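These are the residues of each chain, in order.
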Amino acid sequence: MPTDTPVSNSGPWDAKLQQFHGGQEWAQLSNFVEDFSVTTNPFGMPSGAKLAAAHSIEHSHHYPPADQEPAKSSLARFLWPSEFETERDRLILGNGASELIDLVIRMAPTGTWRPGPFYTQYKEYERSARNNNFTLLPPGTNDKANVACLVNPCNPTGDYLELPELKEWISDNVLPGGYAIIDESMQPWHSEQFREHSLTSQREYVEELYREQGISVFVMHSWTKLWCCTGLRLGSVVCPTAEHMRAIKKIQVPWSVNTVALAFLNAVVDDEEYLQDTWELTPAWRKATVDRLQKLFPDWEFHGREFLSWIWIDTKDVSVAERAVELARAAGVPVRSGGPGYNLPAYIRVAVRHPAKVDVLVGALKTL
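These numbers come from a predicted model, not from an experiment.

S.K.: Can you walk me through the nonpolar core in this structure?
M.R.: As a rule of thumb, nonpolar side chains are buried together in soluble globular proteins. Core analysis: the biggest nonpolar cluster contains 60 residues, and Leu75, Phe78, Ile170, Leu199, Trp227, Phe264 and Leu265 have the highest contact counts within it. Filtering out sequence-adjacent residues up to four positions away, Trp227 remains in contact with Gly44, Met45, Pro46, Phe78, Phe264, Leu265, Val268, Val269, Tyr274 and Leu275. Of all hydrophobic cores here, the second largest spans 24 residues; its members include Ile101, Val104, Phe218 and Ile248.

Here is the structure:
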């Protein structure tokens, strides 16, 4: 379980003001090979979308479109291939999911906030709730909250609730009139059938819950992981109604998604080959990495669903985890310590990467 005292060693992050994230060390490594500290797609930025983003620089002396089009409709078509015209009015884009997380929590009913059922999860929701003066409830509480935020699949633990379990959790943990924010950023890795397993497919359920109990369900996505574009800052949220979307738009700063990010999104949703590679090879590369590390370290525990782009590892020993982080960094393949942010210093998080890059990581860890 998490330690009581927050772990420091936050690098460029201001530990008193900011929430720690991985992905910062690569620029300081003269021998950098691969970043295993982030959960981005191992295939890198899709080439066609990267080219579209680069070409958009030619138009960047103009303001971006205030209605986020045509990129917003293109994403709607990606999420709802057959019903996008009736669904897109519930969708809004943001400067990464982080902007939208903060906007939704700012307009949520005040009172109590609670995380999902897992022992830790992505911390931006907690950060925003704390900054907006919510009373924070612990993960194990049985109390319903005014705002409940569940990361599904859960980063970093790798836990995942299917739709029946997810709906039950919302019913059991959100007060009438409250907000349920479900983060599905990593859910598209599920399979080619990800849409039918996603809460975005459950409009009738969402409308009924809002009509009968006043519970507003928001589905959050950070698209920077699936399409490996963290530097562009690109997110979206599917709101329970068009009225909720307009309420977000009212408090969102104009042009928060820039021209380059919009051009990238408009192109990337059509790259089917990239997604097929993702669905086919991510599970295979993940299993191969787990097998190699498990052979070296039989006492370690490896967590997470088979389709995910990372592995959450309990090394059982804080000193071992710290040494693993040091060895990986020294070899130019940084991994994510479970200490900063999560306060789980015996854990490390390792991204799924190309087997040749895993060779370097395994070689570095062999001296443990």
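Text resumes after the structure shown.
S.K.: Help me understand the packing of aromatic side chains in this model?
M.R.: What describes a pair of aromatic rings is the distance from one ring centre to the other and the angle between the planes of the rings. Counted according to the given criterion, the structure contains 16 aromatic pairs. Between Trp312 and Tyr342, the ring centres sit 5.9 Å apart and the planes meet at 75°, which makes this aromatic pair edge-to-face. In this pair, Trp312 sits in strand E9 (residues 310-314) while Tyr342 sits in the loop between strand E10 (336-337) and strand E11 (347-351), placing the two residues 30 residues apart along the sequence. Here the two residues Trp312 and Tyr342 agree in accessibility, since each one is buried. A connected cluster of aromatic rings, assembled from ring pairs, spans Phe78, Phe194, Trp223, Trp227 and Trp279. Lys167 extends its terminal NZ or CZ atom over the ring of Tyr205, reaching a point 4.7 Å from the ring centre.

S.K.: I would appreciate a short explanation of the environment of Glu192 in the present structure.
M.R.: With respect to the helices and strands, the residue Glu192 is situated in the loop between strand E5 (174-183) and helix H7 (194-197). Residues Glu192 and Arg286, spaced 94 residues apart in sequence, show a C-alpha to C-alpha distance of 17 Å. Those residues in contact with Glu192 that lie beyond four places of it in its chain are Gln276 and Trp279. Polar side-chain contacts of Glu192 include one of 3.2 Å to the side chain of Gln276.

S.K.: For this particular structure, what's the right way to read unusual backbone geometry?
M.R.: Working note: non-glycine residues mostly have negative phi, and peptide bonds are mostly trans. A cis amide bond links Asn152 to the next residue, Pro153, at an omega of 5°. Positionally, Pro153 belongs in the loop between strand E4 (145-151) and helix H6 (163-173). In this model, Asn155 is joined to Pro156 through a cis peptide bond whose omega is 20°. Residue position: Pro156 is located in the loop between E4 and H6. With a phi close to 75°, Lys316 is a non-glycine residue in the positive phi region.

S.K.: Is there a simple way to explain H6 in this structure?
M.R.: One full turn of an α-helix is made of 3.6 residues, so residues set three or four places apart face in the same direction. Within H6 the residues assigned to the buried category are Leu163, Leu166, Trp169, Ile170 and Asn173. Relative to the axis of H6, the buried residues are bounded by an arc of 120° and lie together on one face. Away from its buried face by more than 90 degrees, H6 exposes Pro164 and Glu168. Buried positions along H6 lie against strand E2 (112-115), E4, E5, H7 and helix H8 (203-213).

S.K.: Could you clarify how one ought to interpret the sheet that holds strand E3 (residues 135-136) in this entry?
M.R.: Working definition: the strands of a sheet are paired by backbone hydrogen bonds and lie parallel or antiparallel to each other. Within the open sheet, the seven strands sit side by side as E1-E7-E6-E5-E4-E2-E3. Their pairing is mixed. Of all the strands in the sheet, just strand E1 (91-94) and E3 have a single pairing partner and so form its edges. The sheet contact formed by E2 and E3 spans two bridges and is parallel. Counted as the bridge partner of Trp113 is Leu136 from E3. Sheet strands touched by helix H2 (residues 71-79): E1, strand E6 (216-222) and strand E7 (235-238). Its angle to E1, the strand with the most contacts, is close to 120°. In this fold helix H4 (residues 96-106) packs onto E1, E4, E5, E6 and E7, with an angle of close to 160° to the strand it touches most, E6.

The rules behind each value
- Residues numbered from 1 in each chain as written.
- Predicted model: local features only at pLDDT ≥ 70, side-chain atom pairs only at ≥ 80, totals over all residues.
- Heavy atoms only, no water.
- Core = buried A, V, L, I, M, F, W, Y, C linked by side-chain atoms within 4.5 Å.
- Buried < 20%, exposed > 50% of the residue type's maximum accessible area, 1.4 Å probe, protein only.
- Contact = heavy atoms within 4.5 Å.
- Phe/Tyr/Trp six-rings, centres within 6.5 Å; stacked < 30°, edge-to-face > 60°.
- Helix = DSSP H or I, 4+ residues; strand = E, 2+ residues; numbered from the N terminus.
- Lys NZ or Arg CZ within 6 Å of the ring centre and 35° of its normal.
- Polar contact = N/O pair within 3.5 Å; in protein donor to acceptor, adjacent residues only side chain to side chain.
- Arc of directions from axis to C-beta.
- Pairing = 2+ DSSP bridges.
- Axes fitted to C-alpha atoms, helices over the stretch in contact; angles between N-to-C directions.

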